[in-house]
Amino acid sequence: MLSEEVNDRYTRVGAGTPTGELMRRYWHPISTVSQMNDKWTKKIRLLGEDLILYKDRSGTFGLMEPHCAHRRMNMIYGIPEENGLRCPYHGWLFDETGQCIEQPYEETEDPDARFKDKIQMKAYPVEAKAGLLFAYMGPQPAPLVPAWDVYAAEGVLRDIGYAELPCNWLQCQENSLDPVHLEWLHVAWANYIRERNNELDELKKVRAHKVIHFDNFEYGIIKRRIWEGGSEEDTE
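Residues numbered from 1 in each chain as written. Predicted model: local features only at pLDDT ≥ 70, side-chain atom pairs only at ≥ 80, totals over all residues. Heavy atoms only, no water.

> It is not clear to me how the nonpolar core should be interpreted in this structure. Could you clarify?
Across soluble globular proteins, nonpolar side chains show a tendency to be buried alongside one another. Judged by nonpolar contacts, the single largest core of 16 residues is most densely connected at Ile30, Ile44, Leu46, Leu53, Leu63 and Leu133. Mapped by element, the contributors of at least two residues to this core are β2 (41-46), β3 (49-55), β4 (61-64) and β11 (132-136). Contact partners of Ile44, with chain neighbours within four places excluded, come to Ile30, Glu49, Asp50, Leu51, Leu53 and Leu63. Judged by nonpolar contacts, the second largest core, of 13 residues, contains Tyr54, Met75, Leu85 and Ile119. (Core = buried A, V, L, I, M, F, W, Y, C linked by side-chain atoms within 4.5 Å. Buried < 20%, exposed > 50% of the residue type's maximum accessible area, 1.4 Å probe, protein only. Helix = DSSP H or I, 4+ residues; strand = E, 2+ residues; numbered from the N terminus. Contact = heavy atoms within 4.5 Å.)

This is the structure in structure tokens:
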């Protein structure tokens, strides 16, 4: 069991926390490209930060803090331009780096005004790969987006699914590493629901875990199990 202090240290992911700083060294999938087909802006919450994902009219994606640096207008209402997202309140325009590139009234009054050069919104790089949009929130230089086989393979049909889990990342990972819940939650309890729905022909055989084992390796943990009636020769 983790102590309360250690649990608190591991589960906090905001900027400046140990786990938050570690996670900011990786690219995170934040949306599918298709989710932006019929919209220009989308609210994103990532590693404790509220952000706005947007697509401009050139097809470039950006991820920025949610409120305009001028009068704090929510950029979820931003107007997509050919290059960047424009605040609908006073028309300030920001590119995907968060740099203000246009201030209409100020520039009308003084065509040589350079105040916009001083305005920088917090923004994070976004890259599209294999139908997913990835964001990087850490220090530069950013690592490459992983070229895993499912991302890089050509001539394949990709089916992308997602789920929102209302829990902390550590709870999800703890559940993934717990083998025994499989036989009860995903089989026994599922059988109970099938029985209540009179789906008796869908009942599955409940096989008990006889041995569980974990191996540490370079990229994490290998989880092994021997089911009732199985042996060490089985794939799992």
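> Got a minute to help me understand the sheet that holds strand β8 (residues 100-102) in this structure?
Strand pairing in a sheet relies on backbone hydrogen bonds. The paired strands run either parallel or antiparallel. On the basis of which strands lie adjacent, the open sheet formed by four strands has the order β5-β6-β7-β8 and antiparallel pairing. With one partner strand each, in any of the chains shown, β5 (79-80) and β8 form the two edges of the open sheet. Where strand β6 (residues 85-86) lies against strand β7 (residues 93-94), two bridges are found, and the strand directions are antiparallel. Looking across to β7, one finds that Leu85 is bridged to Phe94. (Pairing = 2+ DSSP bridges.)

> Looking at this structure, how should I read the packing of aromatic side chains?
The relation between two aromatic rings is expressed through the spacing of the ring centres and the mutual angle of the planes. Applying the stated criterion across every chain, the model contains five aromatic pairs. When the centroid spacing of 5.5 Å and the interplanar angle of 40° are considered together, the rings of Trp27 and Tyr136 count as tilted. Taken as a pair, Trp27 in strand β1 (residues 27-32) and Tyr136 in strand β11 lie far apart in primary sequence, 109 residues in all. An identical accessibility class is assigned to Trp27 and Tyr136; each is buried. By the ring-pair criterion, three or more aromatic residues cluster together here, those being Phe134, Trp148 and Tyr151. One cation-aromatic arrangement involves Lys55 over Trp40; the distance from NZ or CZ to the ring centre is 5.2 Å. For the cation-ring pair, Arg57 lies above Trp40, with the distance from its terminal atom to the ring centre recorded as 5.1 Å. (Phe/Tyr/Trp six-rings, centres within 6.5 Å; stacked < 30°, edge-to-face > 60°. Lys NZ or Arg CZ within 6 Å of the ring centre and 35° of its normal.)

> Can you help me understand unusual backbone geometry in this one?
The peptide bond linking Gln140 to Pro141 adopts the cis configuration, its omega dihedral lying at 0°. Summarising the element assignment, Pro141 is placed in the loop between β11 and α4 (149-152). Phi is positive for Arg72, which is not a glycine, with a value near 65°. Position of Arg72 among the secondary structure elements: in the loop between β4 and β5. With phi around 60°, Asn198 is a residue other than glycine that occupies positive phi space.

Shape descriptors only; they carry no functional weight alone.
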